[in-house]
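# Chain and residue survey
For reference, the chains in residue letters:
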Amino acid sequence: SRMDQRARERSFEQARVAVRDIVDKLRKKPGDWRELMRSHTEDPVAAQGKVYEAFPKAKLTPPFRKMALRLELNEVAVVGSKFGFHIMRRVE
């Protein structure tokens, strides 16, 4: 399986706490976004520093796509999907 080892070893509640901690760090130091993304992501695309393009017909999981389209520039949000939690930030 392509699942990140960290995801296999933690509970749902532990994942929620980790997400909350990362979002708190982002709010304190928004400039650390890329570093936090690379060090904490379990998504192979995000780990490479790539961003997802969101548009109405993008082939993204629906909760992710809907939230991405609602965000204002530089706004941070968390959304859940069948893949887990997604910490998102809208960039240009």
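See above for the structure.
Being a predicted model, the structure only gives us computed values, none of them experimental. (Residues numbered from 1 in each chain as written. Predicted model: local features only at pLDDT ≥ 70, side-chain atom pairs only at ≥ 80, totals over all residues. Heavy atoms only, no water.)

A cluster of nonpolar side chains, namely Phe-12, Val-78 and Phe-85, defines an oily patch on the protein surface of about 280 Å² accessible area. If you trace the backbone, Phe-85 turns up in strand S2 (residues 84-89). (Patch = residues over 30% accessible without salt bridge, like charges linked within 9 Å, V, L, I, M, F, W, Y side chains within 5 Å. Areas by Shrake-Rupley, 256 points an atom, 1.4 Å probe, with all protein chains shown as cover. Salt bridge = Lys/Arg side-chain N within 4 Å of Asp/Glu carboxyl O. Helix = DSSP H or I, 4+ residues; strand = E, 2+ residues; numbered from the N terminus.)

Another point: the nonpolar core. Nonpolar side chains tend toward joint burial in soluble globular proteins. Counting residues in hydrophobic clusters, the biggest one holds nine residues: Ala-58, Leu-60, Phe-64, Met-67, Ala-68, Leu-71, Ala-77, Val-79 and Met-88. In terms of residue count, helix H5 (residues 62-70) provides more of this core than any other element does, three residues in total. Non-local contacts of Leu-71, meaning those with residues more than four positions away in its chain, are made with Ala-77, Met-88, Arg-89 and Arg-90. Counting residues in each nonpolar core, the second largest holds six residues, with Leu-26, Trp-33, Leu-36 and Met-37 among its members. (Core = buried A, V, L, I, M, F, W, Y, C linked by side-chain atoms within 4.5 Å. Buried < 20%, exposed > 50% of the residue type's maximum accessible area, 1.4 Å probe, protein only. Contact = heavy atoms within 4.5 Å.)

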